Every structure is written in C-alpha cells, then in structure tokens.
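Results of the structural survey
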Amino acid sequence: MHAPFDKIGRSAVGWGHRHRRSAIASLLIVYHSRTGGTEQMAKAAAEAARDADGAEVILKRAEDAGPDDLITADGYLFATPENLAAIAGVMKAFFDRSYYEVLGKIEGRPYAAMICAGSDGENARTQLERIATGWRLKKIADTPIICTHAQTKEAILTEKEIPEDSLALCREIGATLAAGLEMGVF
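Keep in mind the model is a prediction, meaning the values are calculated, not measured.

Cut-offs used in this document
Residues numbered from 1 in each chain as written. Predicted model: local features only at pLDDT ≥ 70, side-chain atom pairs only at ≥ 80, totals over all residues. Heavy atoms only, no water. Axes fitted to C-alpha atoms, helices over the stretch in contact; angles between N-to-C directions. Helix = DSSP H or I, 4+ residues; strand = E, 2+ residues; numbered from the N terminus. Parallel < 35°, antiparallel > 145°, perpendicular 65-115°, else oblique. Left-handed = near helix turned anticlockwise from the far one by under 90°. Contact = heavy atoms within 4.5 Å. Nonpolar A, V, L, I, M, F, W, Y, C, P; charged D, E, K, R; others polar. Buried < 20%, exposed > 50% of the residue type's maximum accessible area, 1.4 Å probe, protein only. 1 Å grid on protein atoms, 1.4 Å probe; cavity = no way out; pocket = protein on both sides within 12 Å on 5 of 7 lines; lining within 4 Å. Points joined across faces, edges and corners; volume = space filled by probe spheres on them. Pairing = 2+ DSSP bridges. Right-handed = clockwise from strand over helix to strand, strands pointing away. Salt bridge = Lys/Arg side-chain N within 4 Å of Asp/Glu carboxyl O. pLDDT = per-residue confidence, 0-100. Phe/Tyr/Trp six-rings, centres within 6.5 Å; stacked < 30°, edge-to-face > 60°.

1. Let's talk about the packing of helix H2 (residues 37–51) against helix H7 (residues 164–183)
For the pair H2 and H7, interaxial distance at closest approach is 7 Å and the crossing angle is 45°. Taken together, the axes of H2 and H7 lie oblique to each other. Once H2 is placed against H7, the crossing between them reads as right-handed. Of the residues in H7, those in contact with Gln40, Met41, Ala44, Ala45, Glu47, Ala48 and Ala49 of H2 are Leu167, Cys170, Arg171, Gly174, Ala175 and Ala178. In terms of residue class, the contact of H2 with H7 is made up of nine nonpolar, two polar and two charged.

2. Quick look at unusual backbone geometry
The backbone of Leu84 shows a phi angle near 55°, a positive value even though the residue is not glycine. Mapping Leu84 onto the fold places it in the loop between strand E3 (75–83) and strand E4 (86–87). Positive phi outside glycine occurs at Ala85, with the angle close to 65°. Tracing the backbone shows Ala85 in the loop between E3 and E4. You can call Ala85 partly exposed: its relative accessible area is 42%.

3. Things to note about the layout of surface pockets
Rolling a probe over the atoms, with the probe sized like a water molecule, indicates the empty space that remains. Counted as a void, the largest pocket has a volume near 510 Å³. Along the walls of the largest pocket sit 23 residues, with Pro81, Glu82, Asn83, Gly118 and Ile156 positioned nearest its centre. At the level of elements, H2, E3, strand E5 (110–117) and helix H6 (153–157) are the ones that each hand at least two residues to the lining of the largest pocket. Examining the composition of the lining of the largest pocket, we find that three residues originate from one element, E3, more than from any other. Grouping the amino acids of the lining of the largest pocket by side-chain chemistry returns eight nonpolar, 11 polar and four charged.

4. Focus: the pairing of strand E1 (residues 26–31)
Of all six residues making up E1, six are buried, and the element is well covered by its neighbours. Here E1 shows no split at all, with Ser26, Leu28 and Val30 on one side and Leu27, Ile29 and Tyr31 on the other all buried. Note that E1 and strand E2 (residues 56–61) share six bridges and pair parallel. When the bridges of E2 are listed, Leu27 appears paired with Val57. Between the parallel elements E1 and E2, the chain passes through H2 in a crossover that is right-handed. Note that E1 and E3 share five bridges and pair parallel.

5. Points about the pattern of salt bridges
Summed over all chains, the structure comprises eight salt bridges. The residue Glu39 makes a salt bridge to Lys43 at a minimum N-O spacing of 3.0 Å. You can see Glu39 and its partner Lys43 sitting in helix H2, four residues apart, about one turn around the helix. A relative accessible area of 23% places Glu39 in the partly exposed class. The shortest N-O distance in the salt bridge between Glu47 and Arg171 comes to 4.0 Å.

6. Structural notes on the confidence of the model for the protein chain
Mean pLDDT for the protein chain: 89, with 88% of residues reaching 70 or above. The low-confidence segment residues 1–21 (pLDDT under 50) makes 32 contacts with residues lying over four places distant or belonging to another chain.

7. Brief notes about the packing of aromatic side chains
Counting across every chain of the model gives nine aromatic pairs. For the pair Phe78 and Tyr111, a centre-to-centre distance of 6.3 Å together with 40° between the ring planes defines the contact as tilted. Pair noted here: Phe78 is in strand E3 and Tyr111 is in strand E5, with a separation of 33 residues, a long-range link. Considered together, Phe78 and Tyr111 belong to a single accessibility category, that of buried residues. Following the ring pairs from residue to residue traces out a cluster consisting of Tyr76, Phe78, Phe94, Phe95, Tyr99, Tyr100, Tyr111 and Trp135.

Shown next as structure tokens:
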C-alpha cells in the first residue's frame, strides 16, 4: 500500500500535522551547551535558517524542550557536545523524556545533527543517529563533528570559540533544513 499524497505530490506521511496547523513550516533546534561551543553552533544554524526566509525557527535548550515541541515541528536540528564518549547527559535526558511520547508520531520528518567534541565525537554521533533512526526520522545531511581539541581539564572547562569555517558549516545545515522544509522537498 502506498502512502497518500498531497496536491503537489508529496507523501502525506509525516506531513499531515503541518497542513492542519499552518502553511509555514517549522524547524526545531534543540541543543545543550556548557562551555559555549555547541551554543555557538546552534545559534549559527538558527541565524542562517531565519535568513533563509522560509521556515519558522524555534531554538530551545534541551532542558526546556520536550515531546510537544517535537510533535508540532516539521523538522529538527539536534546539537550536542560529546561528554565522556557520549551525548551530553542533558541532551540524553531530553531524548529520554521525549522518546516514547513521540514514537510513531514524527516518522519521516527530516533532521540533521551537529556534535561539538574535544577530540573524537564518533560515539556521540552514533548514539544520536541511532535515536533518530528509532524515531524513523529522515537524515538530510551528514552529521559534522566540530573538534575543539580540548584535552586537559582546563581546556575542557574553558569557554569555547568555534572557528568561522566550522560556524559556516553549521549555517549551511540550518539554511538547508529551513529552505527544504519551506519548499517541501523533505
């Protein structure tokens, strides 16, 4: 059995909520940041998404976001630091309190993710992408790992300054998500 399609040929699976609410697509950006690196990345993506003159952009810290935010958004960008070879605990708590509440309700929606890491970030990327796979989200971009090379206690705990070329990549992801949501290509 094939999924139903809307008037312009898009699959209506995962999109029905948008057509009932309004004509403006919404992008939810959920992030956690302790030392500012991931926050800079998320804000760069949000700024570019807003400048794309497309989707409504909602930027929320992970501790303030929950299932209702996921249900009402059309697409997602998740940004997290890697802590101890995993996604940050605050970000994990967001996923924990939201996971079962939205299971089966957000399938097929587009997402992207970004990781801020001290040296590696691979496990955090894997962990986050497995959560998105469990929700049956559609990954629209490779997940970048922005490496700060922080290796000592002092370097790990200090405020981060993300280089401009890395912020440009974050902006590109934000703009791509917003434009794609507004055009209905995802």
